[in-house]
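A look at the structure
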Amino acid sequence: MDSAAATEQQAGQPNSYTFSKEEHLCSKRLISLLFSKGSSFNLYPLRFVYHTPQDLPPGQTQVLISVSKRYFKRAVDRNRLKRQMREAYRLNKHLLLQHPEQAPGLLGILYIGKEKKSFQSIQKKLISGLERCLNK
């Protein structure tokens with residue numbers, strides 16, 4: 001096990017693919033700060049809003065994932081899309097962890113599409129969005 005973990009770290013891969021509570025953006029103060037002072041861009045069907053306040057410790061990105069109730073009236077549909085977005089982020093957050101000094105402190109990922117997309121298309125757009133957040 002130790003040699004496998006060491007090999008993973010040498011290859012630049014994360015040790016674990018978790019999405020812990022500390023990574024969730026829950027604070028109302030930080031959410032309002034993100035939407036009032038953050039920058040944004042669209043990669044249909046996703047919208048990315050990002051901001052790095054000075055009072056947050058560097059290297060830790062907090063993420064907000066949201067799906068509009070306006071276009072998806074049924075909670076089943078909203079929950080499925082949020083689950084797919086969380087899974088895509090969880091599998092690809094190592095892109096942010098490789099460059100902690102460039103990673104945004106606060107990140108909002110909003111689903112703005114009007115129809116349900118496949119997991120592969122959501123994951124493809126999310127990867128592009130994470131790379132664009134790093135290159136801001």
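Quick caveat: nothing in here was measured; it's all calculated off a predicted structure. (Residues numbered from 1 in each chain as written. Predicted model: local features only at pLDDT ≥ 70, side-chain atom pairs only at ≥ 80, totals over all residues. Heavy atoms only, no water.)

1. Topic: the packing of aromatic side chains
By the definition in use, this model includes four aromatic pairs. When the ring of F41 is compared with that of F48, the centres are 5.2 Å apart and the planes differ by 15°; the resulting orientation is stacked. The same class applies to F41 as to F48, namely buried. Members of the aromatic cluster, connected to one another through ring pairs, are F41, F48 and Y50. (Phe/Tyr/Trp six-rings, centres within 6.5 Å; stacked < 30°, edge-to-face > 60°. Buried < 20%, exposed > 50% of the residue type's maximum accessible area, 1.4 Å probe, protein only.)

2. Here we look at helix α2 (residues 28–37)
Listing the buried residues of α2 in full gives L30, L33 and L34. Down the axis of α2, the buried side of the element spans an arc of 100°, and every buried residue falls inside it. Facing away from the buried side of α2 by more than 90 degrees, the exposed set consists of K28 and S36. Against β2 (46–51), β3 (62–67) and β4 (106–111) lie the buried residues of α2. (Helix = DSSP H or I, 4+ residues; strand = E, 2+ residues; numbered from the N terminus. Arc of directions from axis to C-beta. Contact = heavy atoms within 4.5 Å.)

3. Brief notes about helix α3 (residues 75–92)
Relative to the 26 Å expected for 18 residues at 1.5 Å per residue, α3 spans 26 Å between its end C-alpha atoms, a close match to the ideal helical length. Within α3, the full set of buried residues consists of D77, R78, L81, Q84, M85, A88, Y89 and N92. End-on view of α3: buried residues confined to an arc of 130°, all on one side of the axis. (Expected span 1.5 Å × (residues − 1).)

4. Considerations on the confidence of the model for the chain
When pLDDT is averaged across the chain, the result is 88; 89% of the residues are at 70 or more. Scored below 50 in pLDDT, residues 1–12 shows six contacts in the model against residues more than four places distant or in partner chains. (pLDDT = per-residue confidence, 0-100.)

5. Examining the environment of T52
Tracing the chain through its elements places T52 in the loop between β2 and β3. Distance from T52 to S39, taken between C-alpha atoms, is 9.8 Å for residues 13 residues apart in sequence. In this structure T52 touches A103, P104, G105 and K136, once residues within four positions along its chain are discounted. At 3.2 Å, the side chain of T52 forms a polar contact with the backbone nitrogen of G105. (Polar contact = N/O pair within 3.5 Å; in protein donor to acceptor, adjacent residues only side chain to side chain.)

6. Things to note about the nonpolar core
Membership of the largest hydrophobic core comes to 25 residues, with the highest contact counts inside it found for F48, M85, Y89, L107, I109, Y111 and L126. When contributions to this core are tallied by element, the ones reaching two or more residues are β1 (39–43), β2, β3, α3, α4 (94–97), β4 and α5 (119–135). Here this core gets five residues from one element, more than from any other, and that element is α5. Beyond its immediate stretch of four places on either side in the chain, M85 contacts L46, I65, S66, V67, I109, L110, Y111, I122 and L126. (Core = buried A, V, L, I, M, F, W, Y, C linked by side-chain atoms within 4.5 Å.)

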